[in-house]
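Residues per chain, in single letters:
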Amino acid sequence: MRHKLIAGNWKMHGACADNAALVEALLAAERLSGVDYAVLVPAPYLAQMQTLLTGSSVAWGGQDVSEETKGAFTGEVAASMLREFGCRYTIVGHSERRQRHGESDSLVAAKARTALAYQLTPIVCLGESLAQRESGETAMVVRQQLAAVIETLGLEGLARIVLAYEPIWAIGTGRSATPEQAQEVHALLRHQVAAESQMVGDNLQILYGGSVKAANAVELMTLPDVDGALVGGASLVAQEFLAIGRAAAGAR
Ligand code: 13P
């Protein structure tokens, strides 16, 4: 059975004292069987996470990684650096980066490939805009985004990633996808991977992201093809984040 992953994307939030309090609350919570937690933090706080979380069951990671391995790339963070600070994960292809930094499907796939080369698990985000959903293009858009990942990583790489479906219109809006909408896209993505390999499709963790909070976690985390959540705003509030984890544990 697939484990659930509850991953907190802190985005550009945090301060040393606040981070410490948040992480302390996560560490004090009961461990739930079949549910893993991770926090994805701004790069300057990776060292703090390494100090606070080493030896615990909470993993940590970055929010982006360069497709390059080193060199004259001002402002970018290399996969080897994430590894040096103990990261297990890194997000790639978050819609905020696709939109603000013009990251293409092929660049996102290249970032995932570099992450894998450094034994990081990329959490590859994809999802449609509101305009795309309203014009009936959701399936086409997410299939195309996933196809670039499949083409670049091949089956071997595909078996080592986490996928996150994040409809852009649901991010930070308080308006999550309905359970039907989420399940439909998750099933479609899993089928697309299963067409390459049934086993890889069956084992692939597909997270849902977009306004997940305690109040809607049960209905979303109990869906058959939803294997956890990528949580933004609610991941900054320990009790909310932990409640999402409990919803996921109950769903198993
Ligand atoms: P919110 O949970 O704040 O909607 O953000 C979702 C997200 O973008 C996680 O990566």
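Residue positions within a chain follow its written sequence, with the count starting from 1. Note on the predicted model: pLDDT of at least 70 is required for a residue's local features to be given, and 80 or more for side-chain atom pairs to be given and counted; whole-chain, interface and lining totals, by contrast, use all residues. Computation of side-chain values covers all heavy atoms of the structure but excludes hydrogens and water.

Asker: Would you mind showing me how to read the layout of surface pockets here?
Answerer: To find leftover empty space, one rolls a probe the size of a water molecule over the atoms. Approximately 730 Å³ is the volume found for the largest pocket. A 1.4 Å probe that fits but cannot get out identifies a cavity on a 1 Å grid over protein atoms alone, an open set with protein on both sides within 12 Å along at least five of seven lines counts as a pocket, and a residue lines either if it has an atom within 4 Å of a point. Forming the boundary of the largest pocket are 26 residues, of which Met12, Gln63, Asp64, Arg97 and His101 lie nearest the centre. We count a stretch as a helix when DSSP gives it H or I for four or more residues in a row; a strand needs E for two or more, and each element gets its number in order from the N terminus. Sort the elements by how many residues they give to the lining of the largest pocket and helix α4 (residues 95-100) lands first, with three residues. Amino acids outside the nonpolar list (Ala, Val, Leu, Ile, Met, Phe, Trp, Tyr, Cys, Pro) and the charged list (Asp, Glu, Lys, Arg) are all regarded as polar, and Gly is one of them. Counted by class, the lining of the largest pocket contains 10 nonpolar, seven polar and nine charged residues. Grid points are joined across faces, edges and corners, and a volume is the space filled by probe spheres set on the points. The space that makes up the second largest pocket amounts to roughly 220 Å³. Considering the residues around the second largest pocket, the lining is formed by 17 residues, among which Gly172, Ser211, Gly232, Gly233 and Ala234 are closest to the centre. Of the residues that constitute the lining of the second largest pocket, the class distribution is five nonpolar, eight polar and four charged.

Asker: Could you clarify how one ought to interpret the packing of helix α1 (residues 16-28) against helix α2 (residues 46-53) in this entry?
Answerer: Packed helix pairs are characterised by how far apart their axes lie and by the angle those axes make with each other. All axes here are fitted lines through C-alpha atoms, helices being fitted over the stretch that makes contact, and every angle between N-to-C directions spans 0 to 180 degrees. Where α1 contacts α2, the two axes come as close as 11 Å, and the packing angle between them is 35°. Between α1 and α2 the crossing geometry is right-handed. Here Cys16, Asn19, Ala20, Val23 and Leu27 of α1 lie close against α2, whose contacting residues are Gln48, Met49, Leu52 and Leu53. Residues belonging to the contact of α1 with α2 are distributed by class as follows: seven nonpolar, two polar and no charged. In this scheme the handedness of a crossing depends on how the near helix is turned from the far one: anticlockwise by less than a right angle means left-handed, clockwise means right-handed. Contacts are assigned to residue pairs that have any heavy atoms within 4.5 Å of one another.

Asker: Whenever I open this one, the side chain of Glu166 confuses me. Can you help?
Answerer: Within the fold, Glu166 resides in the loop between β6 (162-165) and α8 (179-194). A polar side-chain atom of Glu166 sits 3.0 Å from a polar atom in the side chain of His94. Once residues lying within four places of it in the same chain are set aside, the contact partners of Glu166 are His94, Cys125, Leu126, Gly127, Ile171, Gly209, Gly210 and Leu230. Polar contacts, as counted here, are pairs of nitrogen or oxygen atoms within 3.5 Å of one another; within protein the pair requires one atom able to donate a hydrogen and one able to accept it, and residues that are adjacent in sequence qualify only if both atoms are side-chain atoms.

Asker: Got a minute to help me understand the nonpolar core in this structure?
Answerer: The tendency in soluble globular proteins is for nonpolar side chains to be buried as a group. Residues belong to one nonpolar core when they are buried, are Ala, Val, Leu, Ile, Met, Phe, Trp, Tyr or Cys, and are joined through side-chain atoms within 4.5 Å. Burial classes: relative accessible area under 20% of the type maximum marks a residue as buried, over 50% as exposed, and values in between as partly exposed (1.4 Å probe, protein chains only). By size, the foremost hydrophobic cluster in this structure holds 64 residues, and its most contacted members are Ile6, Ile161, Leu163, Leu189, Tyr208 and Met221. Once residues within four sequence positions are removed from consideration, Leu189 is found in contact with Leu126, Val142, Leu146, Leu163, Tyr165 and Ile206.

Asker: Could you clarify how one ought to interpret the site of the ligand in this entry?
Answerer: Put simply, a residue is near a molecule or strand once any heavy atom of it comes within 4 Å of that molecule or strand. Looking at the ligand, the residues that line it are Asn9, Lys11, His94, Glu166, Ala170, Ile171, Gly172, Gly210, Ser211, Leu230, Gly232 and Gly233. For the ligand, an oxygen atom lies 2.8 Å from a polar atom in the backbone of Ser211. Between the ligand and Gly233, the relevant distance is 2.9 Å, taken from an oxygen atom to a main-chain nitrogen or oxygen of the residue. For every accessible area listed, the method is Shrake-Rupley and the probe measures 1.4 Å; residues are considered covered only by the protein chains on display. For the ligand, whose accessible area on its own is 310 Å², the fraction buried by protein is 94%. For this analysis, a molecule is said to be in a pocket or cavity if more than half of its atoms are within 2 Å of the grid points defining it. The cavity where the ligand resides is the second largest pocket. For the shell around the ligand, the residue count by class is three nonpolar, seven polar and two charged.

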